[in-house]
Amino acid sequence: MKLSDGELKKIKKDLDLIRAEISRTVVGQSDVVNSLLRGILAKGHILLEGVPGVAKTLIMRSLAYVTTSDYKRVQFTADLLPTDITGITAYDKNKGFYVVKGPVFTNFLLADEINRAPAKVQSALLEAMQEKQVTIGTKTFIIDEPFFVLATQNPIESVAIFPLPEAQMDRFLFKLYINYPKMEEEQGILQKNITVSSFSDFKIKSVISSKEIIKMQEIVKKIYLSPDVEKYIVRLVDATRFPGKYKLKNEKYIAWGGSPRASIGLYIASKADALLEGKNYVTPKNVKNVAHDVLRHRIILNYEGQAENIKTEDIISEILLKVPTP
């Protein structure tokens, strides 16, 4: 599909407006905001890791507001049940059995500290993410689009947590890290934060509708990606599986490489990145822009690599250097 220059400019303008409005409430974190937008455009879900107090909830709330989307937040705890996420069948003597839908029925869902809930609850959420539907009692309900889940993890806690298995982490399109703000940004946060001001004080505006997000998601699928770039994507993932072929210095630390979901993730995320830049075609640079986010949770280190504190970030950077660019 060939998009006209006018259509591309309109989409680019809308995406720029979203970022500008979010910057009214969130100081810094532009890289995280861009990655969230890529994830939404690619119809993927994101796992975000960061210490408390770095605006994870505020970013998600702002993103939902500026896109005129429904938003819900669930604090995951050890006593949470799957039905607390999906919903229940209840009974009333006047109207009989009826369904109470859970918070998963929304556009933007913040699953806060997902690793605090037991595996059964995590699985219920991940099934809804994958199937875009939920069964409550004997009835199956479709989740309205757009549907985007941002699951967060707190890296500090190590007691009473239930780490996500690698196979379940693979279902997230991206894994992101959110870092501390820079000093000059933190000084700005002192004047502009949700503790001393209410959300309405920031006067952010809704700039697009949720229907426009759905339209953008369909356009992303039709962004042109050449056979040469396809081969480049496949080679990048191949390098995670067979690092010896590419002479990676850390090959002995890799236990498992990326699954086919990694290739699919690079494919669709690079298209989203191209649209974010206002282009209707993908270049190798777009693939490189999303490579760390797509691959960082899909390269599994062996025990030796974990003991040596090897970073998957460094392995991905080396792969991007070693694999020839078309």
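From a predicted model like this one, the values you see are computed outputs, not experimental measurements.

**Q** Please set out the pattern of salt bridges residue by residue, giving values where relevant.
**A** Overall, the coordinates contain 20 salt bridges when judged by the stated rule. Measuring nitrogen to oxygen at the nearest pair gives 2.8 Å for the salt bridge that ties D238 to K245. Relative accessible area serves as the criterion here: at 13%, D238 is assigned to the buried category. On the basis of relative accessible area, K245 is assigned to the exposed category, the value being 56%. Between E277 and K279 there is a salt bridge; the shortest N-O distance is 3.2 Å. A relative accessible area of 31% means that E277 is categorised as partly exposed. When salt bridges with common partners are traced through the structure, they connect K10, D14 and E212 into a single cluster.

**Q** Account for the pairing of strand β1 (residues 46-49), naming residues and giving values.
**A** Successive side chains on a regular strand alternate, one facing one side of the sheet and the next facing the other. By the alternation rule, side chains of β1 split into I46 and L48 and L47 and E49, which are all buried. Relative to strand β8 (residues 148-153), β1 is paired through 4 bridges, and the arrangement is parallel. Paired with E49 across the bridge in β8 is Q153. Pairing of β1 with strand β9 (residues 174-177) involves 4 bridges; the strand directions are parallel. Bridge pairing in β9 places I46 opposite F174.

**Q** I'd like a description of the sheet that holds strand β5 (residues 108-112), backed by residues and values.
**A** Ordered by their spatial adjacency, 5 strands build an open sheet running β2-β5-β8-β1-β9, and the pairing between neighbours is parallel. The open sheet has two free edges, formed respectively by β2 (71-75) and β9, since each of these has just one partner strand. For this sheet, the mean inter-axis angle between neighbouring strands, taken without regard to orientation, is 20°. As paired elements, β2 and β5 share 5 bridges and run parallel to each other. Residue pairing in the sheet places Q75 in a bridge with D112 of β5. Along the sheet, helix α3 (residues 56-66) contacts β1, β2, β5 and β8; its crossing angle with β5, the most-contacted strand, is approximately 170°.

**Q** A description of the packing of aromatic side chains should follow, citing residues and the corresponding values.
**A** All chains considered together, the criterion is met by 3 aromatic pairs. Ring plane angle 55° and centroid distance 4.9 Å describe the contact between Y91 and F97, whose orientation is recorded as tilted. An identical accessibility class is assigned to Y91 and F97; each is exposed. Centroid distance F108 to F148: 5.7 Å. Interplanar angle 75°. Geometry classified as edge-to-face. With F108 in strand β5 and F148 in strand β8, this residue pair connects regions lying 40 residues apart in the sequence. This pair shows no difference in class: F108 is buried, exactly as F148 is. The ring of Y98 carries the charged tip of K95 above its face, separated from the ring centre by 4.1 Å. Between the NZ or CZ atom of K101 and the centre of the ring of F105, over which it lies, the distance is 4.9 Å.

**Q** Tell me about unusual backbone geometry, and name the residues and values.
**A** Of note, the amide linkage connecting E145 to P146 takes the cis form, showing an omega dihedral of -5°. One non-glycine residue with positive phi stands out, namely K43, at about 60°. Tracing the backbone shows K43 in the loop between α2 (30-41) and β1. Phi is positive for K247, which is not a glycine, with a value near 55°. Inspection of the secondary structure puts K247 in the loop between α9 (227-241) and β10 (254-256). The exposure class of K247 is exposed, given its relative accessible area of 64%.

**Q** Let's hear about the environment of G258: which residues, and what values?
**A** If you trace the backbone, G258 turns up in the loop between β10 and α10 (260-276). For the pair G258 and N302, spaced 44 residues apart in the sequence, the C-alpha separation amounts to 14 Å. Discounting chain neighbours no more than four positions away, the residues touching G258 are V237, T240, R241 and R298.

**Q** Explain the pairing of strand β7 (residues 139-142) to me, using residue names and the numbers behind them.
**A** Across 4 bridges, strand β6 (residues 133-136) lies against β7 in antiparallel orientation. Pairing of T135 across the sheet is with T140, part of β7. Remark: 2 residues form the turn of the hairpin made by β6 and β7, two consecutive strands paired antiparallel; G137 in that turn has positive phi of roughly 70°.

What counts, and where the lines are drawn
Residues numbered from 1 in each chain as written. Predicted model: local features only at pLDDT ≥ 70, side-chain atom pairs only at ≥ 80, totals over all residues. Heavy atoms only, no water. Salt bridge = Lys/Arg side-chain N within 4 Å of Asp/Glu carboxyl O. Buried < 20%, exposed > 50% of the residue type's maximum accessible area, 1.4 Å probe, protein only. Helix = DSSP H or I, 4+ residues; strand = E, 2+ residues; numbered from the N terminus. Pairing = 2+ DSSP bridges. Axes fitted to C-alpha atoms, helices over the stretch in contact; angles between N-to-C directions. Contact = heavy atoms within 4.5 Å. Phe/Tyr/Trp six-rings, centres within 6.5 Å; stacked < 30°, edge-to-face > 60°. Lys NZ or Arg CZ within 6 Å of the ring centre and 35° of its normal.

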